[in-house]
Amino acid sequence: MEDSRATSPSDGARAEAAGADLHLELSATRGRNDLVQALHESIRTGRLVAGTRLPSSRSLAKDLGIARNTVADAYGQLVAEGWLTARQGSGTVVANRAAVPTTPAAARPLEKTYRYDLRPGTPDVATFPRTEWLAATRKALTMAPNEAFGLGDPRGRPELRQVLADYLARARGVRADPERILICSGYVQALSLLGEIVKTLGGTTMAVEEFGYGLHRDVIRARGLSPVAVPVDSLGACTSELTGEGVLLTPAHQMPTGVPLAPERRTAAIEWARETGGVLIEDDYDGEFRYDRQAVGALQALDPERVVYTGTASKSLAPGLRLAWMVLPEHLVEPVVAAKRTSDYQTATIEQLVLAEFIASGHYDRHVRRSRLHYRRRRDRLVELLSVRAPNVQVAGISAGLHVLLDVPGDAEDMVARAARQGLALASLTTYHFNPTPATRQAVIVGYGTPPDHAYPGALDLLCQVLGV
Ligand SMILES: Cc1ncc(COP(=O)(O)O)c(C=O)c1O
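What counts as what
- Residues numbered from 1 in each chain as written.
- Predicted model: local features only at pLDDT ≥ 70, side-chain atom pairs only at ≥ 80, totals over all residues.
- Helix = DSSP H or I, 4+ residues; strand = E, 2+ residues; numbered from the N terminus.
- Buried ≥ 20, exposed ≤ 12 C-beta atoms within 10 Å, placed from the backbone.
- Contact = placed C-beta atoms within 7 Å.
- Pairing = 2+ DSSP bridges.
- Axes fitted to C-alpha atoms, helices over the stretch in contact; angles between N-to-C directions.
- Near = placed C-beta within 6 Å.
- Nonpolar A, V, L, I, M, F, W, Y, C, P; charged D, E, K, R; others polar.
- Domains from an automatic or database assignment.
- Parallel < 35°, antiparallel > 145°, perpendicular 65-115°, else oblique.
- Left-handed = near helix turned anticlockwise from the far one by under 90°.
- pLDDT = per-residue confidence, 0-100.
- Expected span 1.5 Å × (residues − 1).
- Arc of directions from axis to C-beta.
- Core = buried A, V, L, I, M, F, W, Y, C linked by C-beta atoms within 7 Å.

Caption draft 1: Up close: the overall build of the protein. Within the protein, the secondary structure is distributed over 14 helices and 17 strands. C-alpha atoms of the protein, sized along the principal axes, occupy 80 × 55 × 40 Å. Looking at the protein as a whole, 40% of its 469 residues are labelled buried. Intrachain contacts of the protein at a sequence separation of at least 6 include 72% that bridge at least 24 residues.

Caption draft 2: Layout of the sheet that holds strand S6 (residues 226-230). Strands sit in the order S4-S12-S11-S10-S9-S5-S6 across an open sheet of seven strands; the sheet is mixed. Two strands close off the open sheet at either side, each with one partner strand: strand S4 (181-184) and S6. Geometrically, the sheet is characterised by an average inter-axis angle of 25° between neighbouring strands, direction not taken into account.

Caption draft 3: Geometry of the sheet that holds strand S17 (residues 443-447). An order of S13-S14-S17-S16 is seen for the four strands of this open sheet, with the pairing classed as antiparallel. Lying at the two open borders of the sheet, with one neighbouring strand each, are strand S13 (394-396) and strand S16 (427-428). Sheet analysis places S13 next to strand S14 (residues 403-407), joined by three bridges and oriented antiparallel. What sits directly across from Ala396, in S14, is Leu405.

Caption draft 4: Up close: the site of the ligand. Near the ligand, the surroundings consist of 13 residues, among which Gly186, Tyr187, Tyr285, Thr312 and Ser314 are the closest. It is helix H7 (residues 186-200) that contributes the most residues to the shell around the ligand, three residues altogether. Each residue belonging to the shell around the ligand can be placed in one class, and the counts come to seven nonpolar, five polar and one charged.

Caption draft 5: Layout of the domain arrangement of the protein. One can read the domain layout of the protein as domain 1 (9-98), domain 2 (116-123 + 366-467) and domain 3 (128-362). One C-alpha centre belongs to domain 1, the other to domain 3, and the line joining them spans 50 Å.

Caption draft 6: Representation of the environment of Thr450 within the structure. Locating Thr450 in the fold gives a position in the loop between S17 and helix H14 (456-467). When the C-alpha atoms of Thr450 and Leu26 are compared, they prove to be 51 Å apart, with 424 residues separating the residues in sequence. Setting aside chain neighbours within four positions, we find Thr450 in contact with Asp117, Leu118, Thr122 and Asp124.

Caption draft 7: Expanded view of the environment of Glu245. Relative to the helices and strands, Glu245 resides in the loop between strand S8 (236-237) and strand S9 (246-249). C-alpha separation for the pair Glu245 and Leu164, spaced 81 residues apart in sequence, amounts to 28 Å. Every residue in contact with Glu245, bar those within four places of it in the chain, is listed here: Val198, Leu201, Gly203, Thr205, Gly278 and Val279.

Caption draft 8: Region of interest: the environment of Leu168. With respect to the element layout, Leu168 can be found in helix H6 (residues 158-172). Measuring from C-alpha to C-alpha, the distance between Leu168 and Val327 comes to 9.6 Å, with 159 residues separating the pair along the chain. Every residue in contact with Leu168, bar those within four places of it in the chain, is listed here: Val174, Ala176, Gly311 and Val327.

Caption draft 9: Spatial organisation of the packing of helix H2 (residues 32-44) against helix H4 (residues 68-80). Where H2 contacts H4, the axes come no closer than 9 Å and their chain directions differ by 50°. Here H2 lies oblique to H4, going by the angle between them. Pair H2 / H4 crosses with right-handed handedness. Touching Arg32, Leu35, Val36, Leu39 and His40 of H2 are Thr70, Val71, Asp73, Ala74, Gln77 and Leu78, all from H4. When grouped by side-chain class, the residues that make up the contact of H2 with H4 number six nonpolar, three polar and two charged.

Caption draft 10: Geometry of the confidence of the model for the protein. Averaged over the protein, the pLDDT score is 91; the fraction of residues at 70 or greater is 93%. Low pLDDT, under 50, characterises residues 1-9; the stretch is placed with 22 contacts to residues that sit more than four places away or in other chains.

Caption draft 11: Here's a closer look at helix H9 (residues 263-276). Compared with an ideal rise of 1.5 Å per residue, which puts 14 residues at 20 Å, H9 spans 20 Å between its outermost C-alpha atoms and is within 8% of the ideal. Along H9, the positions that sit buried rather than exposed are Arg265, Arg266, Ala269 and Ala273. Down the axis, H9 shows its buried residues gathered within 110° of arc, on one side only. Across H9 from its buried face, at more than 90 degrees, point the exposed residues Pro263, Glu264 and Glu275.

Caption draft 12: Inspection of the packing of H7 against helix H8 (residues 214-222) at higher detail. Viewed as axis vectors pointing N to C, H7 and H8 meet at an angle of 35°, and their least axial separation amounts to 9 Å. Taken as a pair, H7 and H8 cross one another with a handedness that is right-handed. Between H7 and H8, the residues in contact are Val188, Leu191, Ser192 and Gly195 and His216, Val219 and Ile220, respectively. In terms of residue class, the contact of H7 with H8 is made up of four nonpolar, three polar and no charged.

Caption draft 13: Representation of the nonpolar core. Residues Ile181, Leu194, Val308, Met326, Leu406, Val444 and Val446 are the most contacted members of the largest nonpolar core, which totals 98 residues. Counting residues per element, this core draws most heavily on H7, which supplies seven residues. Counting contributing residues, this core receives three or more from each of domain 2 (116-123 + 366-467) and domain 3 (128-362). Grouped together as the second largest cluster of nonpolar side chains are twelve residues, Leu35, Leu48, Ala74 and Val94 included.

Put into C-alpha cells, the structure is as follows:
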C-alpha cells in the first residue's frame, strides 16, 4: 500500500517523515475499526481533503502506538470502500470522490468585487520586483547567521536597522540612529504600539487630521484612546488646534487631501510637542513619491527628540509584506520595545534580512525610481484625459503620492454610487472624514496605483464616462 522502496534505514526514516501529520482521536480499544472510523470521519467532514497523502502504515503505527498491521488493514478497507487510493510509489492518498463539497474561504468574497478599482491605498503590486526579491531572499538566507532564526532583539535585525538608518537619512532627511529604530509589522502596528504608550503615559486622546484613514482611527480607539479631529486646510493640519497627549500627522503629503504641511505649521507642531511633552507621530507613508522638484523632507529632522518618525514598505513595495519602521526619540525606545515584546515579540526576521539585502544591493532605490516614473506617467495620463473628457472636474493633490482628489460638481457620494453600479470602485472624500457634514468638500479620491497596466486604460475610460456626464 505504501512506498515499497522504503527498505534501507535512511529510506525508512524518509518514509516515516513523508505524508501528512494526522490528528486522530481513537477510543481506548485502539483497534482497526477505531482507526477506520476516525479516518472515515476526518475525510467525510472535510478535515482531510482530497489529495492529502497519508503517512506510511509504519509511521502512523509508530505515532499512534499500535501495530503496523492494524494500520495497513484499516487503509486497505478504506481503499476498498473508495475513500482512499493506493498506488505503488505514491503512497496512500485521500480519494477525490470522498471530498466533501465545501466552499473554500478564499472563494467567498468579503466585499463586492468590481470590474475596475480606483480606490486609493495600494500600489501597483503587479510591478513587485519578484526577480530581485528572489535574489535578495537567496542571498539573505545563505548569509543569515543561525541566531537569525531564533528570537532576538524586539527592535528587529541590526542589518535592517543599519541600512534603513542610512537610507532614511539619505532619501528622507531623517536623523536616524539604528539603535533607535524599531521594525514593526506594518504602520498599523506602529500606531497601535504608540497608542499604548500614550495611554500608559496617562493620555486619553490622540489628535488626528480631520481627513484620514478610518482604520487608523479604529486602531487608536482599540487602544482605549479617543481620536480628536484637527481641521485641515490648504496649508495642512491646523497646528494651532493640537490638543491632548498624542498627535498623528501626515506632514509630507496629507492623507488624502495631498497638501504638504506648511513650514510655519511644522515649527508649530514641534513647539506643541516641546511644550506639552506629548507624543508627535509623523506618518511618512508615501514620502518616496514626489513628482515636482520641491523636496518635502521629514518633520522629524527638526527635532528627533520630539517626533516619532514612521515609514512603511506598503507603498514603495507591497502592503502584503507588513514591514514598517519607527525612528524613536531616546526616551521612548524602552517603553516601545517593551510594548513590542508583549505584542508579537519581534517582526519576522527572515523577511527583515531580505529587505536589508534588497536595500543594500541598490534594488530598493532602483525600484522606487522606476515606480516613481511609472506612477508619474499614469498620473499625467489621468490628468490629461480628465481635462478633455470631464472639464467640469477640478483635479487637486497631483504633486505627490498615488492618488488625486477630484472636486466634483454635485454630490460625490452619488457619483461613487453611480460608478459602483457600472463596475468601478471609487472613494469619496466624505468616507475619510472624521465626522462628515453636508458642508464637507465634495470630492472623489482616485488612486492610480492599483490597476495593472492592461486594465488602466479601461478604468480611466469608465471614470471619464461617470464624471463627464
Ligand atoms: C495614511 C497611511 N499611512 C500608512 C499606511 C501604511 O500602512 P501599513 O504599513 O499598515 O500597510 C497607509 C496605507 O494605506 C496609509 O494610507
